[in-house]
Amino acid sequence: MADHDERNDSELKQEYRGLVDRLRETFDSGVTRPLDWRRSQLDAMKAMLEDNESVIAEALAADLSKPPQEVVLGETALLFAEIRHARARVERWARPRKVDTPMFAQPATSRVQADPLGVALIIGAWNYPLQLTLAPLIPAIAAGNCAVLKPSEVTPYTSKLIANLVPRYLDRRAFAVVEGAVPETTALLAQRWDHVFYTGGAEVGKIVMRAAAEHLTPVTLELGGKSPAIVDDTADLKSTARRIAWGKALNAGQTCIAPDYVLVSPNRKGALIEALASEWKAMLGDNPCTSDDYAAVVNERHFNRIAELIEQGTVAIGGLADPETRRIEPTVLIDPDMDASVMTDEIFGPVLPVIETENLDTAIAFVRAGDKPLSAYLFTKSGAAEKQFLDELACGSVCINDVMMFMSVPELPFGGVGMSGIGQYHGQAGFDRFSHLKSVMKRGRFPDPSIRYAPYSDFKTKLLKWFA
């Protein structure tokens, strides 16, 4: 049995080596460099999404019970926005960027030229299995690269859909899809890539980074973390509760930038919890587990994990978990142990601890005691509080008086810091991430002063100091 597994691993690596070699031949041929080709591939992706709207919704419903509106909100609308944005700006992004040349280097011109990296590996995630697989492909195409997509095996219907659609719409010479689980991903990571883009958890992110280090391959790691929502005493509680409730219920909380916990002062805690209960009832009815507007937890393993988290605090709202539908009510926990996994690990589900902190100072200190989050949210009417929050809290992205909505702005770079990720994408940040920004200087032949050439002298040294 061990020999059989070993042989299969070897065969997979050999197969994928051939795949990467084929795509590298395509890249080296120059096919992907013309801007017209890049635009045509972006147009093809747009057509792929438009032509298959119903089957995309069916696949996501089969994998995650996603309501049709959440398919648009969390999956296709973001892709359409990124495609439009990149297509309209790719010529400008690809144009050489002039920079100043100092007097000492004259006569010369200097510029930065964006070169495509080559062949990229893009490993998608299961929580938004369409969007998080195809979104990194958009800047990869815009920058002129070839790519292999590896969708998540945790959402098999969407994985199969991507594998079927991509070869039908995109240039088969430049793009490929590999399905599978750990053995396939391991064999892919053993290859020499020009960039590896991974979306998922930090533990697997470390494995990806170790594998990439074997070839000194640059990586983008879009990870996660515990994204806080701080509610100060000036915040409007109705809109605050509505927006936090939406962010936690969307995709049943299986969103890397969902609010993971709330920090609020003791005198507003009770009112905020009442407002959250009211908003969830308005959105999902008396029994969210039977609502057609509420997604399911992706599989039994994650369902059981989240259900166990509910037992780590006092339930103030919700708490019902239905194993038949894999739905868990939006649940507020109070008084959890700070060392419990609900407070140390990313929840990635519809459970929301509400923690008392005296003021903004103590709330910021609470967040800073942990890893830097992927996103952070502040609800306030105070400009001073907003400034303090932005100045003192390190995180990937911030939204003031809402959650997650920065994702709707293509030109805002998205990515983590520290344990929440490495590198950013969306808009030009994504184009630059899939490019090598090559420095270019072109010098004239005359004049060619002797100041930099030997023999040296005190006079030349003085001139050099003056130029410097």
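Because the structure is predicted, anything quoted here is derived from the model rather than measured.

Caption draft 1: Structural detail: the sheet that holds strand β7 (residues 219–222). Read across the sheet, 6 strands follow the order β5-β4-β3-β6-β7-β17 without closing on themselves; strand pairing throughout is mixed. The open sheet has two edge strands with one neighbour each: β5 (175–177) and β17 (421–422). Relative to strand β4 (residues 146–150), strand β3 (residues 119–123) is paired through 5 bridges, and the arrangement is parallel. The partner of Ile123 across the bridge, within β4, is Lys150. Sheet strands touched by helix α7 (residues 156–169): β4 and β5. Its angle to β5, the strand with the most contacts, is close to 160°. Its contacts with the sheet place helix α9 (residues 202–213) against β3, β6 (195–199), β7 and β17, and it is angled at close to 180° to β7.

Caption draft 2: Layout of the pairing of strand β14 (residues 351–356). Burial analysis of β14 places 5 of its 6 residues in the buried class, the great majority of the element. As paired elements, strand β9 (residues 261–264) and β14 share 3 bridges and run parallel to each other. Paired with Val262 across the two strands is Val354, which belongs to β14. Of the pairings in the sheet, the one linking strand β13 (residues 331–334) to β14 comprises 3 bridges and is parallel in character. Within β14, the position partnered with Leu333 by the bridge is Pro353.

Caption draft 3: Spatial organisation of the packing of helix α2 (residues 35–51) against helix α4 (residues 68–94). With their axes 10 Å apart at the nearest point, α2 and α4 run at an angle of 175° to one another. Relative to α4, α2 is oriented roughly antiparallel. Contacts between α2 and α4 involve Leu35, Arg38, Arg39, Leu42, Asp43, Met45, Lys46, Leu49 and Glu50 from the first element and Leu79, Phe80, Ile83, Ala86, Arg87, Val90, Glu91 and Ala94 from the second. Tallied by class, the residues present in the contact of α2 with α4 amount to 10 nonpolar, no polar and 7 charged.

Caption draft 4: Representation of the pairing of β6 in the model. For β6, the buried fraction is high: 5 of the 5 residues fall into the buried class. The alternating pattern of β6 places His195, Phe197 and Thr199 on one face and Val196 and Tyr198 on the opposite face, and all of these are buried. Pairing of β3 with β6, which is carried by 4 bridges, proceeds in the parallel orientation. In the strand pairing of β6, Ile123 is matched with Tyr198. Pairing geometry for β6 and β7, over 4 bridges, is parallel. Looking across to β7, one finds that Thr199 is bridged to Glu222.

Caption draft 5: Local environment of the layout of surface pockets. The space that makes up the second largest pocket amounts to roughly 390 Å³. Leu73, Gly74, Leu78, Met404 and Met407 are the residues nearest the centre of the second largest pocket, which is lined by 27 residues in total. Secondary-structure elements contributing two or more residues to the lining of the second largest pocket are α4 and α5 (131–134). In terms of residue class, the lining of the second largest pocket is made up of 19 nonpolar, 6 polar and 2 charged.

Caption draft 6: Representation of the packing of α2 against α7. In the contact formed by α2 and α7, the axes pass within 9 Å of each other and the chain directions differ by 130°. Between α2 and α7, the angle falls in the class oblique. Judged by the sense of rotation from one axis to the other, the crossing of α2 with α7 is right-handed. Each of Ala44, Ala47, Met48 and Asp51 in α2 lies in contact with α7, whose residues at this interface are Leu165, Val166 and Tyr169. Taken together, the residues of the contact of α2 with α7 break down into 6 nonpolar, no polar and 1 charged.

Caption draft 7: Local environment of the side chain of Glu70. Inspection of the secondary structure puts Glu70 in helix α4. It is Lys66 that comes nearest to the buried, bridge-free Glu70 among opposite-charge side chains, at 5.9 Å. Within polar-contact distance, the side chain of Glu70 engages the backbone nitrogen of Asn251 at 2.9 Å.

Rules and cut-offs
- Residues numbered from 1 in each chain as written.
- Predicted model: local features only at pLDDT ≥ 70, side-chain atom pairs only at ≥ 80, totals over all residues.
- Heavy atoms only, no water.
- Pairing = 2+ DSSP bridges.
- Helix = DSSP H or I, 4+ residues; strand = E, 2+ residues; numbered from the N terminus.
- Contact = heavy atoms within 4.5 Å.
- Axes fitted to C-alpha atoms, helices over the stretch in contact; angles between N-to-C directions.
- Buried < 20%, exposed > 50% of the residue type's maximum accessible area, 1.4 Å probe, protein only.
- Parallel < 35°, antiparallel > 145°, perpendicular 65-115°, else oblique.
- Nonpolar A, V, L, I, M, F, W, Y, C, P; charged D, E, K, R; others polar.
- 1 Å grid on protein atoms, 1.4 Å probe; cavity = no way out; pocket = protein on both sides within 12 Å on 5 of 7 lines; lining within 4 Å.
- Points joined across faces, edges and corners; volume = space filled by probe spheres on them.
- Left-handed = near helix turned anticlockwise from the far one by under 90°.
- Lys, Arg positive; Asp, Glu negative; His and termini not counted.
- Salt bridge = Lys/Arg side-chain N within 4 Å of Asp/Glu carboxyl O.
- Polar contact = N/O pair within 3.5 Å; in protein donor to acceptor, adjacent residues only side chain to side chain.

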